[in-house]
Amino acid sequence: MTVFTRSRSAKIIAGIALVSASALVISGCSSTPSDEGSGGGDKPAADLTLKLGSLLPQTGSLAFLGPPMESGVGLAVQEINDADAGITIDLTAEDEGDTDTKAYETSITKLQGAGVSAIVGAAASGVSKLILDGNVSAGILQISASNTSPDFTAWDDDGLYFRTAPSDLLQGEVLGNLIAEDGAKTLGIIYQNDAYGTGLDAAIKETFEGTGGEVVAEASFNVGDAQFDAQVETIKAQNPDAVAIVSFDQFKTIAPLLVNAGISADKFYLVDGNLSDYGSDIPVSLEGAQGTKAGPALEDDFTDRLQTYWTGEGNAEVKDFTYAAEAYDAVVLVALASLAAGSTEGADIAAKMQEVSGGSGDGEKCTTFADCAKIINDGGTADYDGYSGEVTFDEAGDPQGATIGIYKYGADNTIERTN
């Protein structure tokens with residue numbers, strides 16, 4: 001497990017990147033704490049109903065991330081409501097699609113029309129960039145479980161944007177160092193031309209070249225493209241020691257093209273947007289390919305609960321759990337912030353997000369919604385540590401710490417965590 005904390009600068013030690021911390025206005029229902037106290041936790045200090053929206057990829061190029069993220073959101077909502085701790089969540093789930101299908105345009109209108117105070121999503125940085133200003137104007141808190149573009153750190157968001165996933169600056173450093181540690185001296189990068197792809201491309205390139213390596217070829221494509229022969233030819237012409245592929249499910253088309261061009265899969269390096277258990281969905285062997293994605297190894301109890309919830313809703317089993325923990329923690333943090341604020345107004349919730357994540361530095365540690373809610377209802381300050389890590393939002397709404405896992409493909413085209 002490789003743990004990082006974020007800052008503006010980084011230092012490379014032993015091939016691992018170590019980052020040290022140095023428009024319609026619609027709001028949800030709100031209420032204030034009851035006049036009576038919590039009675040030592042015997043009854044909640046408030047009685048709130050929070051209208052929460054989710055905007056996650058049910059279709060489009062990130063659809064494989066839909067089940068883990070939606071199961072994380074749904075399980076959190078179920079467990080928060082079951083806790084009967086002073087807040088009930090009314091969830092409205094809509095399809096994000098992607099920047100090509102533009103399903104989010106209709107979905108965001110539905111969510112705002114439903115009067116949501118907070119939205120979990122979007123999954124894609126590119127989609128979030130297109131909806132964030134509108135949400136800010138509407139006073140809606142937005143929290144993403146998977147936005148990784150560095151651009152959000154300095155976004156003018158009135159303090160209404162948060163994310164439980166780390167910036168690409170961290171993942172790019174880990175992947176760039178991994179490639180160098182594996183002995184590659186030259187690197188080719190295929191990346192999608194959007195906020196996600198360009199951010200990771202830059203981070204990987206800067207880190208790899210910082211180790212003394214050389215990026216000898218870069219080839220971009222647009223979301224929605226179906227042909228990648230030109231990109232593969234560009235990479236093949238330079239015959240690099242390694243190839244980094246920054247994409248979503250376009251990888252299913254790109255991988256066979258690379259292998260057929262004579263570039264073996266053990267030279268592939270993937271990212272969170274395309275790291276998945278492909279099995280027979282890709283007709284060539286991925287054995288030896290490696291990749292990175294954020295998040296610690298998940299506890300069996302948590303993944304079992306996710307699976308039970310998801311299949312109980314009539315869905316097929318979740319194949320992997322990428323960003324499930326980040327989605328779950330996003331909902332819990334929003335609910336705790338609402339409870340701490342005694343309000344379901346977006347701005348009020350946002351004002352408590354850093355506090356309940358431990359950013360104030362004086363909270364009492366807790367690891368479940370129920371335990372954290374009891375602390376709040378008893379008049380204390382909760383510091384939630386979740387399944388995705390400690391989170392701990394900084395003033396920009398970014399998590400100050402993150403875990404980046406390293407994975408490797410076996411002969412069956414499925415991944416196994418190696419670090």
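This text gives an overview of the structure that appears in the document. The model shown is predicted, which means the values in this text are computed figures rather than measured ones. (Residues numbered from 1 in each chain as written. Predicted model: local features only at pLDDT ≥ 70, side-chain atom pairs only at ≥ 80, totals over all residues. Heavy atoms only, no water.)

Brief notes about the pattern of salt bridges
Considering all chains together, one arrives at 10 salt bridges under this definition. Arginine 305 serves as the salt-bridge partner of glutamate 79, at 2.9 Å between the closest nitrogen and oxygen. Here arginine 305 lies in helix H8 (residues 300–312) and glutamate 79 lies in helix H1 (residues 66–83), a separation of 226 residues in the sequence. A salt bridge links aspartate 378 to lysine 374; the nearest nitrogen and oxygen atoms lie 2.8 Å apart. Via salt bridges that share partners, Glu79, Asp301 and Arg305 belong to a single interconnected network. (Salt bridge = Lys/Arg side-chain N within 4 Å of Asp/Glu carboxyl O. Helix = DSSP H or I, 4+ residues; strand = E, 2+ residues; numbered from the N terminus.)

Section: the packing of H1 against H8
Between H1 and H8, whose axes approach to 9 Å, the crossing angle comes to 90°. Our classification of the angle between H1 and H8 gives roughly perpendicular. Taken together, the residues of H8 that come into contact with H1 (itself represented by Pro67, Glu70, Ser71, Gly72, Gly74, Leu75, Gln78 and Glu79) are Phe302, Arg305, Leu306, Tyr309 and Trp310. Grouping the amino acids of the contact of H1 with H8 by side-chain chemistry returns six nonpolar, four polar and three charged. (Axes fitted to C-alpha atoms, helices over the stretch in contact; angles between N-to-C directions. Parallel < 35°, antiparallel > 145°, perpendicular 65-115°, else oblique. Contact = heavy atoms within 4.5 Å. Nonpolar A, V, L, I, M, F, W, Y, C, P; charged D, E, K, R; others polar.)

Re the packing of aromatic side chains
Evaluated as defined, the whole model comprises 11 aromatic pairs. Look at phenylalanine 152 and tyrosine 161: their rings are 4.8 Å apart centre to centre, the planes differ by 20°, and that puts the pair in the stacked class. Grouping residues by exposure puts phenylalanine 152 and tyrosine 161 together as buried. Ring centres of tyrosine 278 and tyrosine 409 lie 6.4 Å apart, and the angle between their planes is 20°; on these two criteria the pair is classed as stacked. Separated by 131 residues along the polypeptide, tyrosine 278 in the loop between strand E12 (268–270) and strand E13 (290–294) and tyrosine 409 in strand E16 (residues 401–409) bring together distant segments of the chain. An aromatic cluster of at least three residues, connected via ring pairs, comprises Phe251, Phe268, Tyr278 and Tyr409. Between the NZ or CZ atom of lysine 293 and the centre of the ring of tyrosine 407, over which it lies, the distance is 5.0 Å. (Phe/Tyr/Trp six-rings, centres within 6.5 Å; stacked < 30°, edge-to-face > 60°. Buried < 20%, exposed > 50% of the residue type's maximum accessible area, 1.4 Å probe, protein only. Lys NZ or Arg CZ within 6 Å of the ring centre and 35° of its normal.)

Read these as spatial facts, not as claims about activity.
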